[in-house]
Number of protein chains: 2
Amino acid sequence: MTESGLGEISGPGRVAEVDEGISLEELALAARNHGMPLEAMRYDVTPLGLHYLLIHYDIPMLDPDAWRLAVGGLVGEPLVLDLAALRAMPRRTVRVTMECAGNGRARLDPRPVSQPWLVEAVGTAEWTGVPLREVLGAAGLGAGAAEVVFTGADHGVERGVEQDYQRSLPVAEAMREEVLLAYEMNGAPLAPQHGYPLRLVVPGWYGMTNVKWLRDITVTDEPFTGFQQAVAYRLRQEAGEEGEPVTRIRPRALLVPPGFPDFMSRTRIVRPGPVRLEGRAWSGEAPVERVEVSVDGGLSWAPAELDGDGGTHPWAWRRFRFDWTAGPGRHELSARAVTADGTVQPEEEPWNRGGFANNAVQRVPVVCVPAGTPVEAPLGSEDL
Amino acid sequence: MTESGLGEISGPGRVAEVDEGISLEELALAARNHGMPLEAMRYDVTPLGLHYLLIHYDIPMLDPDAWRLAVGGLVGEPLVLDLAALRAMPRRTVRVTMECAGNGRARLDPRPVSQPWLVEAVGTAEWTGVPLREVLGAAGLGAGAAEVVFTGADHGVERGVEQDYQRSLPVAEAMREEVLLAYEMNGAPLAPQHGYPLRLVVPGWYGMTNVKWLRDITVTDEPFTGFQQAVAYRLRQEAGEEGEPVTRIRPRALLVPPGFPDFMSRTRIVRPGPVRLEGRAWSGEAPVERVEVSVDGGLSWAPAELDGDGGTHPWAWRRFRFDWTAGPGRHELSARAVTADGTVQPEEEPWNRGGFANNAVQRVPVVCVPAGTPVEAPLGSEDL
């Protein structure tokens, strides 16, 4: 680059070359951000620190005493609210399964170059806060209000564009009763990495919607065209297309990988005999109606036992169980969600240039061996 | 593999080929485990969820009511302790900076294939628990006691060896007053991923020492030769060497990357003028005596202002500050720790086959541009 521009350090989006390994830039994102270890699906609510995390820029360190939320634009009365004012308003807790829109990106072929998620970018939390519509109601929506724009305090550059992180919602989505301005997660003040002191939580939508470190809400009469809305988070087959916006979470089921792992390959080892499989399934579109499991690499599918009816926590994942009798040898396990409108998770990844909204069926390689199986490749000098 | 062995799914340790990108196996580890976003060094004590995390196998989900700690081997009286019994013993809190022994591995050339850390595998916590020597004192060390072996509840396979995670300490290290059996982290019960309900904390030693999900302590009269002691965590130049054991944390200083980042390259952007740099420095060997900063790619070094004298929290990192006047253009920032025995952090990585105990000086590329700098490569179709 020259000495006056950002072009060279902030390049355009790209797709990896054939056989291009994960780059150090992708790895740097993977080292900062993290998925949820899949064994944590054993918990109904993901313990703090295990919920997936994606941070576009840096975590802002905000002073809660100085922090304010501004509410303005096309409203009857602009507001400036501190945390005490928000806590004094009606309070609601919603259990929400949140998933990154880029989950599964690293397995796409060719691979879009960005945060290289495999399949773990998910988590479920109990968010507590004031319903957004209470705040919008207090400010009063003006005539012609079409969208609500949310601005976070995190600041950075992306593909040459310097920005605070911003996303919008149509007014009808913003006024849904379960949309929160959340100041607590799992009963405690938000952790810094989850948006302290305040974040937006929009149940059913992919993670990018849930703006963290929220500092401004602006009501507008026209669609928002900021970077994260019009450039990023679009489904495109070719560069240059306008593309479709990424919105709600597609249905997905994931198994807790059974047995125990090999450290490096993460391949699972189980013993011959009964193995209880379990996992979680969720959808931000039509609700999950059933889950099916395959223990033969997708050749055949059988229904799993599905907990609950989705009534108590309609925005959270549901647990499923399946009893499998493992025989010696290699196996490939999968689960797939089927929603009330008959949608079935696809076996192949739906490719797009950004690597978004992928919900291909998970494949879990498992090796079944008797206890005490001798190691066939004895430890030698190569092992040291 | 054949149907009876683990050889093929659990291979020997290896070093990457020249120009071999990060593999999906390495990425899978990076997606589960995570470093500490370096801006979190602004906190004296790392908030939960930001401390680095490395899990060899799966996180065990342990029932605290059923859980017991067994203390046996070469002792006067074997003990079986529940959590209430441990909490009834003398209690101590120690602030500890912990670092993974593999920190920096992914930048080594050639790259040892394992958890691919860049430089973020560190964190500082307030650990509370019973001093280990209280428990060993209650059991009574037998004559000839040489080592203490710690066994966790996490189970897996590593390079063909099925195992519970185990490490040992020489008795003299185990009896240090600040070595804890910790049941709290930052004032709360341990999170599952940090070893709930009990873990070993050995201030000054690399992370692998601090056995999580502790279930057994056995005193022995000879050196422990388990996998994690005799095979893994050794400093070797060639396969087959016995190697030196990895023990204490080498001195390191890290800067909080200043300004704001580009999303993909993580390159930092700052404005011309005064920039206050800050960071943290630590050592498990001789204490950090001073920190030096370079703003010219290591050509020259100047002393940073170093907080505290290490007296209050001798096992925790110390904050340093440095006032820099940034001029337009590209810069490379670095910091290096100098210890009381005169050791200076090396500029080049000390290579070994496992990629352990690397403490090479961090390099932070920074671009200084005036506010409002136009983007030189305008957004075009390539950006979408």
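Basis of the calculations
Residues numbered from 1 in each chain as written. Chains lettered and ligands numbered in written order. Predicted model: local features only at pLDDT ≥ 70, side-chain atom pairs only at ≥ 80, totals over all residues. Heavy atoms only, no water. Pairing = 2+ DSSP bridges. Helix = DSSP H or I, 4+ residues; strand = E, 2+ residues; numbered from the N terminus. Axes fitted to C-alpha atoms, helices over the stretch in contact; angles between N-to-C directions. Contact = heavy atoms within 4.5 Å. Least-squares fit on C-alpha atoms with pLDDT ≥ 70 in both. Salt bridge = Lys/Arg side-chain N within 4 Å of Asp/Glu carboxyl O. Buried < 20%, exposed > 50% of the residue type's maximum accessible area, 1.4 Å probe, protein only. Buried area = accessible area lost by both parts, 1.4 Å probe.

Here we come to the sheet that holds strand β20 (residues 318–326) of chain B. Residue and element names in this part refer to chain B. Spatial strand order, β13-β16-β20-β19: four strands in an open sheet with antiparallel pairing. Both edges of this open sheet fall to β13 (252–255) and β19 (305–306), since each of them pairs with a single strand only. Across four bridges, the pairing between β13 and strand β16 (residues 273–282) is antiparallel. Within β16, the residue paired with L255 across the bridge is G279.

This part is about the sheet that holds strand β10 (residues 214–220) of chain B. All names here are of chain B. Strand order in the open sheet formed by five strands is β2-β1-β10-β5-β6, with mixed pairing between adjacent strands. What marks the edges here is a single partner per strand, and that holds for β2 (79–81) and β6 (161–170). The mean angle between the axes of side-by-side strands here comes to 25 degrees, regardless of whether they run parallel or antiparallel. Of the pairings in the sheet, the one linking strand β1 (residues 69–73) to β2 comprises three bridges and is antiparallel in character. Bridging from a neighbouring strand, A70 pairs with V80 of β2. Sitting on the sheet, helix α3 (residues 132–139) is in contact with β1, β2, β5 (147–158) and β10, with an inclination near 135 degrees to β2.

Mapping chain B onto chain A calls for a screw motion: a turn of 180 degrees about the axis and a shift of 0.0 Å along it, with 0.0 Å RMSD after fitting. Expressed as an axis order, the relation between the two copies is that of a two-fold axis. With an isologous cut-off of 70% or more, the 100% of interface residues of chain B that recur at the interface of chain A puts this contact in the isologous class.

Turning our eyes to something else, we now look at the pattern of salt bridges. Enumeration over the complete set of coordinates arrives at 53 salt bridges over all chains. Between R268 of chain B and D58 of chain A there is a salt bridge, and its shortest N-O distance comes to 2.5 Å. Remark: D58 of chain A occurs in the loop between α1 (24–32) and β1 (69–73) and R268 of chain B occurs in strand β15 (residues 268–270); the pair is interchain, linking two chains. Like D58 of chain A, R268 of chain B is buried. D307 of chain B is paired through a salt bridge with R321 of chain B; the nearest N and O atoms lie 3.0 Å apart. In this pair, D307 of chain B sits in the loop between β19 and β20 while R321 of chain B sits in strand β20, placing the two residues 14 residues apart along the sequence.

As a further point, take the pairing of strand β21 (residues 329–339) of chain A. All names here are of chain A. Of all 11 residues making up β21, nine are buried, and the element is well covered by its neighbours. Alignment of strand β17 (residues 288–294) against β21, held across six bridges, turns out to be antiparallel. Looking across to β21, one finds that V288 is bridged to T339. In the sheet, β21 pairs with strand β22 (residues 364–368) via five bridges, with the strands oriented antiparallel. For E332, the partnering residue across the bridge sits in β22 and is P365.

Below, the discussion takes up the interface of chain B and chain A. Each partner contributes to the interface: chain B provides 92 residues, whereas chain A provides 92 residues. Of the roughly 8400 Å² buried between chain B and chain A on both sides combined, carbon and sulfur atoms contribute 62%. Between chain B and chain A we count eight salt bridges in total. In this structure, R266 of chain B and D58 of chain A form a salt bridge, with 2.9 Å as the shortest nitrogen-oxygen distance.

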